[in-house]
Amino acid sequence: SRGYRVLLLNHYTERVGYESYVPDISRSIKYLRGLTGVDKVLLLGHSAGGPLVAFYQNVAENGPRACQGSEKIYPCRGELDNLPKADGVVMLDSHLGEGFRALTYVDPAISEGNPRQRNAALDLFDPANGYRLTANSANYTDAFTRKFFAAQAARNEKLVAAAQARLSAIDKGQGKYKRDEPFEVPEICCARLLQADTRLVSHTKASHPLLKTDGTTSMQIIKSVRPPMGQDDGIGSHEQYSVRGFLAGPALHTTPEYMMTEDSITGVDWASSSTSAPTNVEGIRVPLLIMTMTCHYFVVPDEIIFDHAASKDKQIAFVQGASHGFTPCRPEYGDTMKRMFDYVDSWLSDASRFGIR
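Just so it is clear, the structure is predicted and the values come from calculations on it, not from any experiment.

Q: Is there a simple way to explain the side chain of Asp 107 in this structure?
A: Among the secondary structure elements, Asp 107 is positioned in the loop between helix H3 (98-103) and strand E3 (131-132). Given a relative accessible area of 0%, Asp 107 falls into the buried group. At 3.0 Å, the side chain of Asp 107 forms a polar contact with the backbone nitrogen of Ala 109. Of note is the side chain of Asp 107, whose polar atom sits 2.9 Å from the side chain of Arg 118.

Here it is, written out as structure tokens:
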């Protein structure tokens, strides 16, 4: 409706990390550049698509070394030279990356031998630890929060080490199958303290533009207005990966400082995973726009991405009252979707940026 041409890319092949998306994104950019009247091509990713487009652009600008360093748990394996670059990147309410998403689902309360058994001392769904069953919300103590995150990091490191051991066996011809094998992760299940306790990652450290309901924009500390989003599952679930699929995607290292507070996430080795948005935006030089919805829990994560971004032309803006799907989480917030895309349109239309009038 604003006059932009859009190509929506679906991906159907088996996925082993973000690398498997590269051929389709590359072909899409080449196709668009061949269309009459197309002068600039941008990558736009929403949610988990945010770190994906950051990964692609980083590799396109810097070559395979962007994802093949020794710091990576699973370095890229394919042909990644001479990829067509986009002219800009837009990230809408972006995840921090597949590795961090999976880390926050690791539930340390689940027994490794019997996923239906739970350790009460680490159970985020136990009212004794601050969980409120009727509201799916929580008010965890500092002591429980520290204990939980330490146990979550330890369990995560065990998962990564187990997958690395299986890959070593596969590479030596001692695996269950020739090239890869199933890898079950029973602990991935709703284990996000931040969803139940809305004090966690609830506001930015610095002031940023807030697109307000009344149509004005103010520079201020951004506060999340999300409701509690706890999920009282409690019995465990699982994700079925392959060994390579897990190491190339959900695997991520933490450090002893791993913790979430009201305005920070610390102790994550972002460079250990090729899917990490903070590391990938460090390699992007084209204009970058990050739009964040304040009725979701990416207020602090997206500030982290913005702080890591190396582009000289980078902007972040927050949409007051917008949910993860861009719609208002309460009627009083008005047409949040229009406010968001109006801002994207104004950013794209800046003649000094892309020469679009």
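Q: Help me understand the environment of Ser 137 in this model?
A: Locating Ser 137 in the fold gives a position in strand E4 (residues 137-138). Each C-alpha atom, one on Ser 137 and one on Asp 345, is 37 Å from the other, the two residues being 208 residues apart in sequence. Apart from residues no more than four positions distant in its own chain, Ser 137 is found in contact with Gly 130, Tyr 131, Arg 132, Ala 196 and Pro 228.

Q: I'm lost on the packing of aromatic side chains in this one. Help?
A: Two aromatic rings, taken as a pair, are described by how far apart their centres are and by the angle between their planes. Under the defined criterion, the tally for this structure stands at 13 aromatic pairs. An angle of 70 degrees between the planes, with centres 6.4 Å apart, marks the rings of Tyr 18 and Tyr 21 as edge-to-face. Take Tyr 21: its relative accessible area is 17%, and that puts it in the buried class. Members of the aromatic cluster, each reached through a chain of ring pairs, are Tyr 140, Phe 144, Phe 148, Phe 149 and Tyr 258. The ring of Tyr 74 is capped by Arg 77, whose NZ or CZ atom sits 3.9 Å from the centre of that ring. Across the ring face of Phe 306, the terminal group of Lys 314 is positioned such that the distance to the ring centre comes to 4.5 Å.

Q: Help me understand the pattern of salt bridges, please; the structure alone is not making it clear to me.
A: Side-chain pairs of opposite charge can arise where the charged atoms are in close proximity. The final tally for this structure, using the stated rule, is 13 salt bridges. In this structure, the salt-bridge partner of Lys 338 is Asp 342, at a minimum N-O distance of 2.7 Å. Separated by four residues within a single helix, Lys 338 and Asp 342 lie in helix H9 (residues 336-349), roughly one turn from each other. When its relative accessible area of 44% is taken as the criterion, Lys 338 is described as partly exposed. Its relative accessible area of 30% is what places Asp 342 among the partly exposed residues. Through salt bridges with shared partners, a single ionic network connects Arg 2, Lys 338 and Asp 342.

Calculation rules
Residues numbered from 1 in each chain as written. Predicted model: local features only at pLDDT ≥ 70, side-chain atom pairs only at ≥ 80, totals over all residues. Heavy atoms only, no water. Helix = DSSP H or I, 4+ residues; strand = E, 2+ residues; numbered from the N terminus. Buried < 20%, exposed > 50% of the residue type's maximum accessible area, 1.4 Å probe, protein only. Polar contact = N/O pair within 3.5 Å; in protein donor to acceptor, adjacent residues only side chain to side chain. Contact = heavy atoms within 4.5 Å. Phe/Tyr/Trp six-rings, centres within 6.5 Å; stacked < 30°, edge-to-face > 60°. Lys NZ or Arg CZ within 6 Å of the ring centre and 35° of its normal. Salt bridge = Lys/Arg side-chain N within 4 Å of Asp/Glu carboxyl O.

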